[in-house]
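For reference, the chains in residue letters:
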Amino acid sequence: MERYALLFLFLVFLASCANDDDFGLESTQFVFSEQKWELTQMSGSFQNSETTGEEMEWQEYYIFSPEGTFVKSRTIGDELVEATGSFEVVEYENDLNHYLELNFETGNELAGNCTGDSKELLMYRNSTMISSLWMACDGPGLDYSLSKK
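Since the structure is predicted, the reported quantities are computational estimates derived from the model, not experimental observations.

**Re the nonpolar core**
Counting 22 residues, the largest nonpolar core has Phe64, Leu102, Leu122 and Tyr144 as the members making the most contacts within it. Non-local contacts of Leu122, meaning those with residues more than four positions away in its chain, are made with Tyr62, Phe64, His98, Tyr99, Leu100, Leu102, Ile130, Ser131, Ser132 and Tyr144.

**A look at the environment of Ser49**
Among the structural elements, Ser49 can be located in the loop between strand 1 (35-43) and strand 2 (51-52). We classify Ser49 as partly exposed; its relative accessible area is 23%. Once the C-alpha coordinates of Ser49 and Gly141 are considered, the two residues, 92 residues apart in sequence, prove to be 9.9 Å apart. If we skip the residues at most four places from it in the chain, Ser49 touches Met42, Ser43 and Gly44. Reaching out from Ser49, the side chain makes a polar contact with the backbone nitrogen of Gly44 at a distance of 2.8 Å.

**Some details on unusual backbone geometry**
Although it is not a glycine, Asn94 adopts a positive phi angle of roughly 60 degrees. Counting through the fold element by element, Asn94 comes out in the loop between strand 5 (79-90) and strand 6 (99-106). Not every positive phi belongs to a glycine, and Asp138 is a case in point at roughly 70 degrees. Relative to the helices and strands, Asp138 resides in the loop between strand 8 (129-132) and strand 9 (141-146).

Definitions and limits used
Residues numbered from 1 in each chain as written. Predicted model: local features only at pLDDT ≥ 70, side-chain atom pairs only at ≥ 80, totals over all residues. Heavy atoms only, no water. Core = buried A, V, L, I, M, F, W, Y, C linked by side-chain atoms within 4.5 Å. Buried < 20%, exposed > 50% of the residue type's maximum accessible area, 1.4 Å probe, protein only. Contact = heavy atoms within 4.5 Å. Helix = DSSP H or I, 4+ residues; strand = E, 2+ residues; numbered from the N terminus. Polar contact = N/O pair within 3.5 Å; in protein donor to acceptor, adjacent residues only side chain to side chain.

Functional significance is not addressed by these values, which are geometric in nature.
Here you go:
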């Protein structure tokens, strides 16, 4: 319980430092509940290359827990692959965006990144949408929506 109290105080501190036009971390409520984010759109480097739903090359979701862990699940055809690890919310100087930095402990092959290591970076677009930054180095553009429970 003490762990949650410290995490809550930390988030209150972060929220007090946020800009007025910044939707902030409180809209994601990672502290209070487990969240599932589902892949809703894939795009390539060409215009009009977006696919959605069953047309996408694979189906995928993340589940983020209040304890700072995640599960990533990808289904391609009949094959299911899962990865696990930890995450933290990060900010960068002179950047108003919030990011989730994922550190994979298992299933490193699911880490979509430009460096080939066991990390992945997701950016908050708004309170119900996050996007992978893999597209910055010719990976697919991947957009995820918060799944309503």
